[in-house]
Amino acid sequence: MFSRGVQPVRNSAHLQRFKITQNRVRHPGPGLQRQNSFSRTGQFELVGLLPAFVQQQLPSEYWGFRIIHRVQQAAAEDSIRAVAQECDEMVVGAGTVVTLEQCRRAVDAGAQFIVSPGYDDEVVAWCVEHDVTIVPGCVTPTEIMAAMKRGLSVLKFFPAGVYGGLSAMKALSAPFGSIRFVPTGGVNEKNCGEYSAAPFVHAIGGSWVCTKADIAAHNFEKITQLCKAARAAILGFEVGHVGVNCKDDAEAQAVCDKLTDAFSFPAKIGNSSNFSTDAIEVMKGCGRGVNGHIAIRTNKVSMAVVELEKRGYHIIPESVKYKGDRMTLAYLEGDFGGFAVHLVQK
């Protein structure tokens with residue numbers, strides 16, 4: 001991996017595996033949530049649902065599921081245990097955990113991380129002591145500072161839509177630059193890409209990928225398609241610009257002049273290249289690719305790199321660029337019709 005994403009202080013291996021996106025199943029933000037009572041066969045329904053997510057998992061550097069129930073219910077514990085035992089691909093977590101008793105029972109059932117809607121110091125302290133990843137809900141500076149005292153760096157932001165969403169998290173990230181948020185509540189298919197692109201967002205959660213009706217009807221194919229759509233929205237791939245190789249400065253200037261003459265495209269002169277509009281980069285030398293390069297914009301380069309690795313496309317390690325701890329550019333190995341391809345942060 002070439003990620004330089006912020007590592008959670010406590011039990012980072014588990015938390016990294018649901019980085020960027022959660023799949024959450026609700027009964028009426030990585031995970032499966034049911035807020036009301038589970039049926040007697042709920043755990044089997046749950047395990048039957050997982051292939052829809054495993055086959056079309058939302059993109060992440062690592063990924064997993066959060067099984068969220070009212071854990072005082074026997075069926076909820078059975079479901080956590082069933083997924084922990086039957087689905088080795090999954091990192092199983094639990095919520096919505098609001099008491100220490102629920103937390104203990106969830107961990108005993110096989111939960112490897114805990115998610116809570118708010119900050120409870122007793123629950124957080126127990127998780128830290130027992131090396132269990134905990135993601136408590138924190139929306140105020142006071143709550144964030146309490147979490148930081150316990151060594152936490154990734155916090156739930158819930159409900160995001162009520163507490164100011166991206167603008168609020170951006171404001172909080174100014175004094176708390178080491179904190180990364182997991183917004184849930186208000187994240188949907190229309191804004192999931194925007195949330196994922198934010199540098200202060202560690203993961204997102206949303207229930208739109210699997211509605212109560214679809215789960216009850218075992219409409220797993222529809223859920224699979226919704227996962228595909230969510231994956232595409234979160235990655236947000238789009239053509240950024242095309243780069244054209246020239247042998248030197250003079251040839252690059254001539255190409256720009258010709259584009260201006262023919263189409264009235266304005267030219268912006270740079271050190272290593274010129275731009276004819278934002279769509280065409282004219283290189284002052286032969287860069288990567290025989291003919292040039294194609295820049296593909298994405299919501300999060302590090303996330304896109306992992307997704308492309310799964311599709312069989314690998315990056316050139318020495319091409320990777322960072323801004324702070326965030327990957328901003330990476331070239332793929334090989335070419336596409338004589339053009340090199342690189343990912344670039346939106």
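Now for a look at the structure at hand. All values reported here derive from a predicted model rather than from experimental measurement.

Another point: the environment of Ser79. Turning to its location among the elements, Ser79 is positioned in helix α3 (residues 74-86). For the pair Ser79 and Gly110, spaced 31 residues apart in sequence, the C-alpha separation works out to 9.8 Å.

The subject of this paragraph is helix α5 (residues 121-129). Along α5, the residues that are buried comprise Val123, Val124, Trp126, Cys127 and Val128. Tucked inside the fold, the buried residues of α5 contact α4 (100-109), β5 (113-115) and β6 (133-135). For α5, the N-terminal capping position is held by Asp120, with its side-chain oxygen 2.9 Å away from the main-chain nitrogen of Glu122. Immediately downstream of α5, the backbone of Asp131 shows phi near 55°, a positive value.

Their axes nearest at 10 Å, the elements helix α10 (residues 220-235) and helix α12 (residues 301-310) cross at an angle of 135°. Classed by the angle they form, the pair α10 and α12 counts as oblique. Contact residues: Arg231, Ile234 and Leu235 in α10; Met303, Ala304 and Glu307 in α12. By residue class, the composition of the contact of α10 with α12 is 4 nonpolar, no polar and 2 charged.

Okay, the pairing of strand β13 (residues 280-283) next. Sheet topology note: the strand β10 (residues 238-244)/β13 ladder contains 3 bridges and is parallel. Note that in β13 the partner of Gly243 across the bridge is Glu281. Where strand β12 (residues 273-276) meets β13, 4 bridges bridge the pair, whose relative direction is antiparallel. Following the sheet pairing, Asn274 is matched in β13 by Val282. Linkage of β12 to β13, two consecutive antiparallel strands, is achieved through a turn of 3 residues, within which Thr277 is found at a positive phi near 65°.

About the criteria used
- Residues numbered from 1 in each chain as written.
- Predicted model: local features only at pLDDT ≥ 70, side-chain atom pairs only at ≥ 80, totals over all residues.
- Heavy atoms only, no water.
- Helix = DSSP H or I, 4+ residues; strand = E, 2+ residues; numbered from the N terminus.
- Buried < 20%, exposed > 50% of the residue type's maximum accessible area, 1.4 Å probe, protein only.
- Contact = heavy atoms within 4.5 Å.
- Polar contact = N/O pair within 3.5 Å; in protein donor to acceptor, adjacent residues only side chain to side chain.
- Axes fitted to C-alpha atoms, helices over the stretch in contact; angles between N-to-C directions.
- Parallel < 35°, antiparallel > 145°, perpendicular 65-115°, else oblique.
- Nonpolar A, V, L, I, M, F, W, Y, C, P; charged D, E, K, R; others polar.
- Pairing = 2+ DSSP bridges.

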